[in-house]
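Topology and contacts: notes
So you can see what is in the structure, the chains are spelled out below.
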Amino acid sequence: MKQIATGSMDSCVMIWNMKPQMRGYRFDGHKDGVTSVQFSPSGHLVASASRDKTVRLWVPSRKAESTAYRAHTATVRSVNFSGDGQTLVTASDDKTIKVWTVHRQKFLFSLNQHINWVRCAKFSPDDRLIVSSSDDKTIKLWDKNSRECIHSFYEHAGYANHVDFHPSGTCIAAASTDNSVKVWDIRSHKMLQHYQVHSGVVNSLSFHPSGNFLITASSDSTMKILDLVEGKLLYTLHGHQGPVTCVAFSRTGEYFASGGSDEQVMVWKSNFDSSDCGDTVRLQHKTTSSMQAPPASSTAQPNFSMHPHVLRSQISDPSEDFNRQDFQTSTHPRSSSRSGIHNRASQSHTYRDPTSSSTHQTQTPGVPQNSSHVQEQSQASDGGVHPGLASTLEHIIGQLDILTQTVSILEQRLTLTEDKLKECLENQMEIGLHLQRRQGEEEV
């Protein structure tokens, strides 16, 4: 794992470098709270969505360069890259889902059948489908090529805050405001599993890359790790002091990160047994009964423990002259409850955005209440490709991404210059006409 991207209601995007001497870079550009962030598949671009109605593409470097999509007419709730990194899908309170090209920042098409705010939209692993969730209590499945809705799943007690595809692409999971998590088969359109393990609204979820585990984040201040193969709750994780608003596994599944309204971003080491993370297997079919939260008497103290660490970190503002301020955060031991029979270790690290000194001596808040969103990135070589070749290819892709982004920025600046030049010429013509009129009046 190399970097973590976070966004919050302070309108900033933060990129955290995961090294012993952690350094966080703050990216300013949005005019209102950031609602969603995601790395591109190559890791060389970061997309962010905001309440300012725009989506921005960032090159995660010290220059903090970005380009803006004037995406929607209302808050943009979600942004997601396609698997090939060439396309973006966005979801908005204007009740639409829109698809864009990444490199030319060009609008492609809009999906318009929702009748209320759209909370989330994601591509399927093969990029053929798009799934979306809305306050209209539906989860819609779209064919990207035909641009038609091919099925609607209906929520009755609440609506889905977050929805995502299983790594196999055969099913979806939804985090609902009725405190439950549902797993649906997109081929048979049947509910496979229904977990009622939280006592508060479920805000976010993330599949482990193996497809065997699902982690959920809730306003009840806990995260739950679900065993999808056995159809049962494995762990309840306590750490945040308030609603947990987002959670994401790294690309390899070795880590996951969570963000909450307590202004903290926590990084956890999953330490799943290797036997649990092998080939993806079919989900246990649980349509006849729902997974209920275990009674309090059955929640035992776990054999594993979280090991908090005191971390020293540095934050830099790329737009300023790299003023830095060290800070120290201590994560105190918190309780964890466990359901199931496996024994796994878990570690957590906590990050807070410190006060950043700048030329204006203003304070930069951390992740404000009810706002943080996390997208975690890790780097792993393809088992079928030589590590050296994989590294070279990744470097080339990264350079192409940066070159494309630079060309886009130059195009924007050229357009701005042309507009200014046109405005100057128009002003000059007006001045000339005014002078001619004055000369004519004087001759008369």
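Keep in mind that what you see is a predicted model, and the values were worked out from it rather than measured. (Residues numbered from 1 in each chain as written. Predicted model: local features only at pLDDT ≥ 70, side-chain atom pairs only at ≥ 80, totals over all residues. Heavy atoms only, no water.)

Side note on the overall build of the protein
Going by this rule: Helix numbering and strand numbering both begin at the N terminus, where a helix is a DSSP run of H or I of at least 4 residues and a strand a DSSP run of E of at least 2. When a residue's accessible area, from a 1.4 Å probe over protein chains only, is under 20% of the maximum for its type it is buried; when over 50% it is exposed; and in between it is partly exposed. The criterion used for residue contact is that any of the two residues' heavy atoms lie within 4.5 Å. Per-residue accessibility takes into account occlusion by the displayed protein chains alone, with areas from the Shrake-Rupley method and a 1.4 Å probe.
The number of helices and strands found in the protein is 1 helix and 32 strands. Expressed as a percentage of the 444 residues in the protein, the buried residues total 53%. Within the protein, contacts between residues at least 6 apart in sequence are counted, and of these 53% link residues at least 24 apart. Roughly 20600 Å² of accessible area belongs to the protein as shown, and the carbon and sulfur atoms make up 49% of that amount.

Section: a negative patch on the surface
The test is simple: Nonpolar side chains (Val, Leu, Ile, Met, Phe, Trp, Tyr) within 5 Å and like charges within 9 Å form the patches, drawn only from residues with over 30% relative accessible area and no salt bridge. Any carboxyl oxygen of Asp or Glu within 4 Å of a side-chain nitrogen of Lys or Arg constitutes a salt bridge here. This count recognises Lys and Arg as positive and Asp and Glu as negative, with His and chain-terminal groups excluded. Where a charge lies is defined by one atom per residue type, namely NZ (Lys), CZ (Arg), CG (Asp) and CD (Glu).
Among the surface-exposed residues, Glu 418, Asp 419, Glu 423, Glu 426 and Glu 430 lie close enough to one another that they form a single negatively charged patch. Relative to the helices and strands, Glu 426 resides in helix H1 (residues 387-443).

A few points about the sheet that holds strand S11 (residues 107-111)
Just so we agree on the cut-off: Only when DSSP finds a minimum of two bridges between them are two strands counted as paired. Between N-to-C directions, angles span 0 to 180 degrees; the directions come from axes that are lines fitted to C-alpha atoms, helices contributing only their stretch in contact.
Sheet architecture is open: 4 strands sit in the order S8-S9-S10-S11, paired in antiparallel fashion. The open sheet has two edge strands, strand S8 (76-81) and S11, and neither has a second partner. Taken over all neighbouring pairs, the strand axes of this sheet differ in orientation by 20° on average, direction set aside. Where S8 meets strand S9 (residues 87-92), 5 bridges bridge the pair, whose relative direction is antiparallel. Residue pairing across strands places Asn 80 opposite Val 89, the latter belonging to S9.

Brief notes about unusual backbone geometry
In the Ramachandran plot, Ser 11 falls in the positive-phi region, its phi being about 75° despite a non-glycine side chain. Tracing the chain through its elements places Ser 11 in the loop between strand S1 (3-7) and strand S2 (13-17). Here Ser 11 falls in the buried class, since its relative accessible area comes to 17%. Within the chain, Lys 53 stands out as a residue other than glycine whose phi angle is a positive 80°. Summarising the element assignment, Lys 53 is placed in the loop between strand S5 (46-50) and strand S6 (55-58). In this structure Lys 53 comes out as partly exposed when scored by relative accessible area, which is 41%.

Some thoughts on the pairing of S6
In S6, alternate side chains face the same way, and those of Val 55 and Leu 57 on one face and Arg 56 and Trp 58 on the other are all buried. Where S5 meets S6, 4 bridges bridge the pair, whose relative direction is antiparallel. Among the inter-strand pairings, Ser 48 is bridged to a residue of S6, identified as Arg 56. Between S5 and S6, which pair antiparallel one after the other, the connecting turn spans 4 residues, and Lys 53 there sits at a positive phi close to 80°. Alignment of S6 against strand S7 (residues 66-69), held across 4 bridges, turns out to be antiparallel. Across the sheet, residue Arg 56 finds its bridge partner in S7, namely Ala 68.

Comments concerning the pairing of strand S26 (residues 265-269)
For S26, the tally of buried residues reaches 5 of 5 residues, placing the bulk of the element in the interior. Counting the residues between successive antiparallel strands, the hairpin from strand S25 (residues 255-260) to S26 contains 4 residues, one of them, Glu 263, with a positive phi of roughly 65°.

Describing the side chain of Ser 42
This is how it is decided: Polar contacts, as used here, are pairs of N or O atoms within 3.5 Å; protein pairs need one atom able to donate a hydrogen and one able to accept it. Residues neighboring in sequence count only if both atoms are side-chain atoms.
With respect to the helices and strands, Ser 42 occurs in the loop between strand S4 (34-39) and S5. Side-chain polar atoms of Ser 42 contact the backbone nitrogen of His 44, separated by 3.3 Å.

Points about a nonpolar patch on the surface
On the surface, Leu 389, Leu 393, Ile 396, Leu 400, Leu 403 and Val 407 cluster together to form a nonpolar patch covering roughly 530 Å² of accessible area. Of the residues examined, Leu 400 reaches a relative accessible area of 47% and is grouped as partly exposed.

Concerning the sheet that holds S5
The 4 strands are arranged S4-S5-S6-S7 in an open sheet whose pairing can be described as antiparallel. Each of the sheet's edge strands pairs with one partner strand only, and the pair in question is S4 and S7. Going across the sheet, the axis of each strand differs from the next one's by a mean of 20°, ignoring polarity.

With respect to the environment of Lys 269
Among the secondary structure elements, Lys 269 is positioned in strand S26. Judged by its relative accessible area of 18%, Lys 269 is buried. Spatially, the C-alpha atom of Lys 269 lies 8.9 Å from that of Gly 253, the residues being 16 residues apart in sequence. Within the structure, Lys 269 has its side chain in polar contact with the side chain of Glu 254 (distance 2.6 Å).

Comments concerning the pattern of salt bridges
Side chains that differ in sign of charge can pair as their charged atoms come close. What the rule picks out here adds up to 9 salt bridges. For Glu 155, the salt bridge is made with Lys 182, and the minimal N-O distance between the two is 2.9 Å. With Glu 155 in the loop between strand S15 (148-154) and strand S16 (160-165) and Lys 182 in strand S18 (residues 181-185), this residue pair connects regions lying 27 residues apart in the sequence. Of the residues examined, Lys 182 reaches a relative accessible area of 7% and is grouped as buried. Each of Glu 155, Asp 178 and Lys 182 takes part in one network of salt bridges that share partners.

Focus: the environment of Ser 188
By the element assignment, Ser 188 lies in the loop between S18 and strand S19 (191-196). For Ser 188, a relative accessible area of 38% corresponds to the partly exposed category. When the C-alpha atoms of Ser 188 and Cys 171 are compared, they prove to be 9.5 Å apart, with 17 residues separating the residues in sequence.

Considerations on the packing of aromatic side chains
Let me state the cut-off plainly: In summary, the pairing rule links any two rings of Phe, Tyr or Trp, Trp by its six-membered ring, whose centres are within 6.5 Å, and it sorts them by plane angle into stacked for under 30 degrees, edge-to-face for over 60 and tilted for everything else.
Applying the stated criterion to the full structure yields 6 aromatic pairs. For the ring pair Phe 249 and Phe 256, a centre distance of 5.5 Å and an interplane angle of 70° mean the geometry is edge-to-face. Look at Phe 256 and Trp 268: their rings are 5.8 Å apart centre to centre, the planes differ by 10°, and that puts the pair in the stacked class. With Phe 256 in strand S25 and Trp 268 in strand S26, the pair connects residues that are 12 residues apart, well separated along the chain. What makes Trp 268 buried here is its relative accessible area of 0%. Put simply, the rings of Tyr 69, Trp 100 and Phe 107 pair up and form one aromatic cluster.

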